[in-house]
Amino acid sequence: MDGVDIDDRTAPQSPVPAQPDRRRGLRRALLGLGVLALVLALGLGSGIWVLSHRYGGNVDRLGDVFAGLDEAARPAPPTPAAAAPADPVTFLLVGSDTRAEIAPGELPDARSDAIMIARVSADRAHVQVISIPRDSWVAIPGRGMNKINAAYAWGGPTLLIQTVEQLTDVRIDHYAAIDFGGLARVTDALGGVDVVVDATTSNGPYTFTAGVNHLDGDRARWYVGQRYGLPGGDFDRVRRQQNYLRAMTGKLFGQGAFESLGGLDSTVLAVTGVVAVDDGLSDTDLLSLAYSLRGLRAGGLAFFTAPVRGTGTEGAASVVYLDAARGARMWAHLHTDSLGKHTDEFADEALPAVPN
């Protein structure tokens, strides 16, 4: 064998440093690192593959949600001002009526009381959630002016997506229907969540006292379902929905639920049982997105309500009039994935630290 054999004790010692030995040692070290990296990659990849297939029967899929949309008429994808490791992801979330008994995975009906745009930022360290009041008076494609939740009653998720995209000029990537009753079960699995209430109110069998309230699943449903007895009516109900989601999501990420495959498995398994998503979001996509958000903390969550100009009536209906000018600025920040840097501009629309 050419060169010096480091295992041959009888080989003559060369007065010249053995450069081939060092190169061979370096090659062996690099090879070892490469093998280790390959093993880790295969282990993580196979783990993700196994976990992703656990959710196939657990996640309800909504077919052809985007099929009826005219692609040429849809908004352009967001254009972040700076280079980012990933693309922003925008969800349209619709919450089921918390006052009705709805089976897990069942789609919310025309009484849906939560319509939210959720933007996962490109840096995966920030999420902005913007609620659109269900009584917002908007233009519904092909139907004229009406309350925004009428879009769902007339055309399901597809018409609602089309309406929201036309209103905001923000492209929706995915659609999710949330079963608030199911989220209550997730809350129980978390051991409950704490919310701070501004003033004492009662709803159903529960009284929510001023200060910190610990909510189990059933209390959470009554908390987010309250409308009467709150000074802001539906607006305060929207804030309660946001406050509950803030508390629950903050606890999920605060516990590091997404930082390991084991925690990721149990968390995603619980959440996927109460959320139905469009069939364009595969199990692997869902798991990968959740894992990419493992560094998110409560400070990275921001909740807003779409800017409102006032309220009024249209015929016999009470409606909410949106502020088109302020709304346009908010949607423009979403388009450049920069709303997280302009939260101070929308202090009036932001979820207060202690809502009613």
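Structure: above.
Overview of the structure. (Residues numbered from 1 in each chain as written. Predicted model: local features only at pLDDT ≥ 70, side-chain atom pairs only at ≥ 80, totals over all residues. Heavy atoms only, no water.)

Next up on the list: the overall build of the protein. Across its full length, the protein holds eight helices and 15 strands. Pairs at least 24 apart in sequence give 66% of the contacts found in the protein among residues at least 6 apart. For the protein, the accessible area works out to roughly 17000 Å², and carbon and sulfur atoms hold 56% of it. (Helix = DSSP H or I, 4+ residues; strand = E, 2+ residues; numbered from the N terminus. Contact = heavy atoms within 4.5 Å. Areas by Shrake-Rupley, 256 points an atom, 1.4 Å probe, with all protein chains shown as cover.)

Bringing the side chain of asparagine 203 into the picture now. Within the secondary structure, asparagine 203 is located in strand β9 (residues 201-203). Judged by its relative accessible area of 18%, asparagine 203 is buried. Side-chain polar atoms of asparagine 203 contact the backbone oxygen of tryptophan 222, separated by 2.9 Å. Apart from the residues lying within four places of it in its own chain, the contact partners of asparagine 203 are Phe208, Trp222, Gly225 and Gln226. (Buried < 20%, exposed > 50% of the residue type's maximum accessible area, 1.4 Å probe, protein only. Polar contact = N/O pair within 3.5 Å; in protein donor to acceptor, adjacent residues only side chain to side chain.)

Close approach of charged atoms allows side chains of opposite charge to pair. On inspection of all chains with the given rule, the structure shows eleven salt bridges. One salt bridge connects arginine 74 with glutamate 71, and the closest N-O pair in it is separated by 3.6 Å. Notably, a salt bridge pairs aspartate 234 with arginine 134, separated by 3.5 Å at the nearest N-O pair. In this pair, aspartate 234 sits in helix α5 (residues 234-254) while arginine 134 sits in the loop between β4 (127-131) and β5 (137-140), placing the two residues 100 residues apart along the sequence. (Salt bridge = Lys/Arg side-chain N within 4 Å of Asp/Glu carboxyl O.)

Roughly 360 Å³ of volume is contained in the largest pocket. Residues of the lining of the largest pocket, tallied by class, amount to ten nonpolar, nine polar and three charged. By volume, the second largest pocket amounts to about 250 Å³. Pro133, Asp135, Asp234, Phe235 and Val320 are the residues nearest the centre of the second largest pocket, which is lined by 21 residues in total. Secondary-structure elements contributing two or more residues to the lining of the second largest pocket are β3 (114-120), α5 and β15 (317-322). If one sorts the elements of the lining of the second largest pocket by residue count, α5 sits on top with five residues. (1 Å grid on protein atoms, 1.4 Å probe; cavity = no way out; pocket = protein on both sides within 12 Å on 5 of 7 lines; lining within 4 Å. Points joined across faces, edges and corners; volume = space filled by probe spheres on them. Nonpolar A, V, L, I, M, F, W, Y, C, P; charged D, E, K, R; others polar.)

This part is about the sheet that holds strand β12 (residues 275-278). The strand order across the open sheet built from seven strands is β1-β12-β7-β2-β3-β4-β13, with neighbouring strands paired in mixed fashion. Single-partner strands in this sheet number two, and they are β1 (60-62) and β13 (301-305). Going across the sheet, the axis of each strand differs from the next one's by a mean of 25 degrees, ignoring polarity. In this structure, β3 lies alongside β4, joined through five bridges in antiparallel fashion. Residue pairing for β4: arginine 119 is matched across the bridge by glutamine 128. Most of the contacts of helix α8 (residues 324-335) go to β4, to which it runs at about 150 degrees, and overall it touches β3, β4 and β13. (Pairing = 2+ DSSP bridges. Axes fitted to C-alpha atoms, helices over the stretch in contact; angles between N-to-C directions.)

Tracing the backbone through its elements, the reader meets glutamate 349 in the segment after α8. What glutamate 349 contacts, discounting residues up to four positions off in sequence, is Phe303, Phe304, Thr305, Ala306, Pro307, Arg326 and Met330.

Looking now at the pairing of β13. Burial analysis of β13 places five of its five residues in the buried class, the great majority of the element. Here β13 shows a buried face lined by Leu301, Phe303 and Thr305 and a second buried face lined by Ala302 and Phe304. Where β4 lies against β13, five bridges are found, and the strand directions are parallel. The partner of isoleucine 130 across the bridge, within β13, is phenylalanine 304.

Among the surface-exposed residues, Val196, Val212 and Val354 lie close enough to one another that they form a single nonpolar patch of about 220 Å² accessible area. Counting through the fold element by element, valine 354 comes out in the segment after α8. A residue is classified by how much of its surface remains accessible, and valine 354, at 37% relative accessible area, is partly exposed. (Patch = residues over 30% accessible without salt bridge, like charges linked within 9 Å, V, L, I, M, F, W, Y side chains within 5 Å.)

Glancing now at the environment of aspartate 60. Assignment of secondary structure puts aspartate 60 in strand β1. For aspartate 60, a relative accessible area of 34% corresponds to the partly exposed category. Distance from aspartate 60 to valine 277, taken between C-alpha atoms, is 6.5 Å for residues 217 residues apart in sequence.

Among the ten residues of helix α3 (residues 180-189), seven are classified as buried, and the element is accordingly described as predominantly covered. Three or more residues of α3 are buried, namely Phe180, Gly181, Gly182, Leu183, Ala184, Val186 and Thr187. At the exit of α3 stands glycine 191, carrying a positive phi of roughly 85 degrees.

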